[in-house]
Amino acid sequence: MLQVKLIVTGDDFGYCPRRNQGIVDCFLAGAVSNVSLLVNGSAAADAAKLARRYNIPIGLHANLSEGSPVCEVLKTNSSLLSQDGFFHGKMGFRTALSKGLLNMSEVKQELKAQVELFHELTGHLPPHMDGHQHVHVLPEVRHIFAEVLEEYGIKYTRVPIEPGLHNCDWIPPSLMDFYLGVEEDSFNTVDVFTRHGISPANSPQEALNVQLSSSLVLQVKTPVLVSSKTHLILPSQTLAEPSWACTHQTEVARHLHRFEYHGQEHVCQ
């Protein structure tokens, strides 16, 4: 039976109190090993306190697509904002970028402001930093993102390359188009991050292993409250990085200890 090391990152920590509690419950149940903080979330300060209380490893989930900027001067008259005064949204950000409407100096200003706020909330710089909704691998943004990480000495990030993606014929075409776009952007990002001394892994432990990337969905029968990213780490074999959403900590813990992947059963420790 194949033994694997499983690293699970709970994204969107700080989004709201309910999501915070769900992620903490997962961590205490042994189902989540790491979290990624949205500093512009409505419950970011509470999330930082929870991370300290329970000694949860925490990094930064930089957000340029949802909610509002944390940089005061960008909260009005900024290219990062829609007519409603909020970030452009997941697809709106991509559309604005493709039309050349985003000021990259403002992107850098906001990313740095989020790193500074993370430091203020947690008392330390993020050991790893990635982008909410994968904005950090987008053209132009990837270069700014890499510069900010290098400036602050942040050595680790996430590059969502998923080799098994093309075999997932159950993914709806509209979603597949988006995922394939993320994959292409990710491939074009690796060299940029490498030139800036950044490792495409979420943590030093992960960097020491082979990062796997493919899709796996764990089916659970509860409403979605917590969104997590998992990484299967193997010494010499490329399998998959499961991307999944689940909710109740007991369901998560049970599935993480034993699950089916392409007809093979793997025990995760």
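Structural data are supplied above this passage.
As a convention, each chain's residues are numbered from 1 in the sequence order in which they are written. Local features are withheld for residues below a pLDDT of 70 in this predicted model, meaning they are given only at 70 or higher, and side-chain atom pairs are given and counted only at 80 or more; totals for whole chains, interfaces and linings count all residues. With hydrogens and water stripped out, all remaining heavy atoms of the structure feed into the side-chain values.

S.K.: What should I look at first to understand helix 2 (residues 44-54) in this one?
M.R.: One turn of an α-helix holds 3.6 residues; hence residues three or four places apart share an orientation. Taken as a whole, helix 2 has its buried residues at A44, A47, A48, L50 and A51. Looking straight down helix 2, one finds its buried side chains confined to an arc of 160°; they lie on one side. Each helix is a run of DSSP H or I of at least 4 residues and each strand a run of E of at least 2, with the numbering of both proceeding from the N terminus. The first or second residue beyond helix 2 is N55, which carries a positive phi of 55°. A 1.4 Å probe rolled over the protein chains alone gives each residue an accessible area, and that area as a share of the maximum for its type sets the label: buried under 20%, exposed over 50%, partly exposed in between. By construction, the arc corresponds to the directions joining the helix axis to the C-beta atoms.

S.K.: It is not clear to me how the pairing of strand 2 (residues 34-37) should be interpreted in this structure. Could you clarify?
M.R.: Of the two faces of strand 2, both are covered, the one formed by N34 and S36 as well as the one formed by V35 and L37. Sheet topology note: the strand 2/strand 3 (residues 58-62) ladder contains 3 bridges and is parallel. Its bridge partner lying in strand 3, L37 is registered against L60. Considered for its hand, the β-α-β crossover made up of strand 2, helix 2 and strand 3 is right-handed. For two strands to be treated as a pair, DSSP must find no fewer than two bridges joining them. Consider the strands pointing away from the viewer: the crossover is right-handed when the path from the first strand over the helix to the second runs clockwise.

S.K.: Teacher, can you tell me more about the packing of helix 5 (residues 141-152) against helix 6 (residues 173-195) here?
M.R.: Describing two packed helices takes the angle between their axes plus the distance from one axis to the other. As a packed pair, helix 5 and helix 6 sit with axes 10 Å apart at the nearest point and diverge in direction by 30°. If you check the angle between helix 5 and helix 6, you find them roughly parallel. In the packing of helix 5 onto helix 6, the handedness of the crossing is right-handed. Mapping the contact onto sequence places R142, H143, F145 and A146 in helix 5 and D185, N188, T189, V192, F193 and R195 in helix 6. Just so you know the grouping, Ala, Val, Leu, Ile, Met, Phe, Trp, Tyr, Cys and Pro go in nonpolar, Asp, Glu, Lys and Arg go in charged, and all remaining residues, Gly too, go in polar. Class assignment for the residues of the contact of helix 5 with helix 6 results in 4 nonpolar, 3 polar and 3 charged. Comment: axis = line fitted to C-alpha atoms, over the contacting stretch for helices; angle = value between 0 and 180 degrees taken between N-to-C directions. Orientation labels follow simple angle bins: below 35 degrees gives roughly parallel, above 145 gives roughly antiparallel, 65 to 115 gives roughly perpendicular, and whatever is left gives oblique. The handedness criterion is simple: a crossing whose near helix is rotated anticlockwise from the far helix by less than a right angle is left-handed, and one whose near helix is rotated clockwise is right-handed. When checking whether two residues touch, look at their non-hydrogen atoms; a contact exists if any pair is within 4.5 Å.

S.K.: I tried to follow the pattern of salt bridges on my own but got confused; where do I start?
M.R.: Once the charged atoms of two side chains with opposite charge are near each other, the side chains can pair. By convention in these notes, a salt bridge is any Lys or Arg side-chain nitrogen within 4 Å of a carboxyl oxygen on Asp or Glu. Within this structure, the stated rule accounts for 8 salt bridges. Its salt-bridge partner being D12, residue R19 comes within 3.1 Å of it at the nearest N-O pair. You'll find R19 and D12 in the same group, each marked buried. Between E147 and K108 there is a salt bridge; the shortest N-O distance is 3.2 Å. Of this pair, E147 sits in helix 5 while K108 sits in helix 4 (residues 104-122), placing them 39 residues apart in sequence. Among the ionic contacts, a cluster of salt bridges with common partners joins K108, K112, E147 and E151.

S.K.: Please explain unusual backbone geometry as it appears in this structure.
M.R.: The residue D12 is not glycine, and still its phi comes out positive at about 65°. For D12, the location among the structural elements is in strand 1 (residues 3-13). Accessibility expressed as a relative area gives 9% for D12, which makes it buried.

S.K.: I'm lost on the packing of aromatic side chains in this one. Help?
M.R.: Working definition: a ring pair exists when centres of Phe, Tyr or Trp rings (six-membered ring for Trp) sit within 6.5 Å. Plane angles under 30 degrees give stacked, over 60 give edge-to-face, the rest tilted. Scanning the model with the defined rule gives 2 aromatic pairs in all. For the ring pair F145 and F193, a centre distance of 6.0 Å and an interplane angle of 45° mean the geometry is tilted. With a gap of 48 residues between them, F145 in helix 5 and F193 in helix 6 connect regions that are remote in the sequence. Comparing F145 with F193, the two get one shared label, buried. An angle of 65° between the planes, with centres 6.0 Å apart, marks the rings of F178 and Y179 as edge-to-face. The exposure class assigned to Y179 is partly exposed, which follows from its relative accessible area of 33%. Above the face of the Y15 ring, R19 is positioned so that its terminal group lies 4.2 Å from the ring centre. Definition used: whenever NZ (Lys) or CZ (Arg) falls within 6 Å of the ring centre and also within 35 degrees of the ring normal, the charge is taken to sit over that ring. Residue placement shows K90 over the ring face of F178; its charged tip is 4.3 Å from the ring centre.

S.K.: Could you clarify how one ought to interpret the side chain of H132 in this entry?
M.R.: Inspection of the secondary structure assignment puts H132 in the loop between strand 4 (129-131) and helix 5. A distance of 3.3 Å separates a polar atom in the side chain of H132 from a polar atom in the side chain of D12. If sequence neighbours within four positions are ignored, H132 has contacts with D12, L38, H61, A62, N63, S65 and E66. Here a polar contact is recorded for every N or O atom pair within 3.5 Å, except that within protein the pair must consist of a potential hydrogen donor and a potential acceptor, and residues adjacent in sequence are included only if both atoms are side-chain atoms.

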